[in-house]
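Residues per chain, in single letters:
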Amino acid sequence: FGPERWQNGQPGFVPEINICAEHLARPVEDIAEVLVHEMCHYADALDGIRDCSHNQYHNKHFKVRCESVGLICER
């Protein structure tokens, strides 16, 4: 998930969720898990919640969001 990574011809940037083509060979459950993970980042961004540290480690806010939708968030 990138909060301001894509431009659609309009002024400003919009959020983006991107999956590398190489990952599409994985089982559908793995792809769905990645999408839900990234949508948790998007939901946090919409709510103004910073869910990663400056070096991109997930924090407790991300864990709470993930667990609220049934994802297991471990170290």
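Right above here is the structure, for reference.
How each quantity is defined
- Residues numbered from 1 in each chain as written.
- Predicted model: local features only at pLDDT ≥ 70, side-chain atom pairs only at ≥ 80, totals over all residues.
- Heavy atoms only, no water.
- Helix = DSSP H or I, 4+ residues; strand = E, 2+ residues; numbered from the N terminus.
- Contact = heavy atoms within 4.5 Å.
- Salt bridge = Lys/Arg side-chain N within 4 Å of Asp/Glu carboxyl O.
- Buried < 20%, exposed > 50% of the residue type's maximum accessible area, 1.4 Å probe, protein only.
- Arc of directions from axis to C-beta.
- Polar contact = N/O pair within 3.5 Å; in protein donor to acceptor, adjacent residues only side chain to side chain.
- Axes fitted to C-alpha atoms, helices over the stretch in contact; angles between N-to-C directions.
- Left-handed = near helix turned anticlockwise from the far one by under 90°.
- Nonpolar A, V, L, I, M, F, W, Y, C, P; charged D, E, K, R; others polar.

Draft legend 1. Quick peek at the overall build of the chain. Within the chain, the regular secondary structure consists of 2 helices and 2 strands. When the helices and strands of the chain are listed from N to C terminus, the series reads β-β-α-α. Seen through its C-alpha atoms, the chain measures out along the principal axes to roughly 40 × 30 × 20 Å. In the chain, 21% of the contacts between residues at least 6 apart in sequence involve partners at least 24 apart.

Draft legend 2. Here's a closer look at the pattern of salt bridges. Within this structure, the stated rule accounts for 3 salt bridges. A salt bridge links D47 to R65; the shortest N-O distance between them is 2.6 Å. In this pair, D47 is assigned in the loop between α1 (28–46) and α2 (60–68) and R65 in helix α2, connecting sequence segments 18 residues apart. Across the salt bridge formed by E67 and K63, the nearest N and O atoms sit 2.8 Å from each other. Of this pair, E67 and K63 are both found in helix α2, 4 residues apart, which corresponds to roughly one turn of the helix. Within this structure, D44, D47 and R65 form a network of salt bridges that share partners.

Draft legend 3. How the structure looks around α2. Within α2 the residues assigned to the buried category are F62, R65 and C66. Buried residues in α2, looked at end-on, bunch into an arc of 100°, giving them a common side. Those residues of α2 that are exposed and aimed more than 90 degrees away from the buried face are K60, V64 and S68. Here the buried face of α2 lies against α1. For α2, the side-chain oxygen to backbone nitrogen distance between the N-cap and H61 is 2.9 Å, and the N-cap itself is N59. Just past α2, the residue G70 takes up positive phi, approximately 95°.

Draft legend 4. Up close: the packing of α1 against α2. Between α1 and α2, the least distance of the axes is 10 Å, while the angle of their chain directions is 115°. Along this stretch, α1 crosses α2, giving a crossing that reads as right-handed. Here H37, C40, H41, A43 and D44 of α1 come into contact with α2, specifically with H61, F62, R65 and C66. Class assignment of the residues belonging to the contact of α1 with α2 gives a composition of 4 nonpolar, 3 polar and 2 charged.

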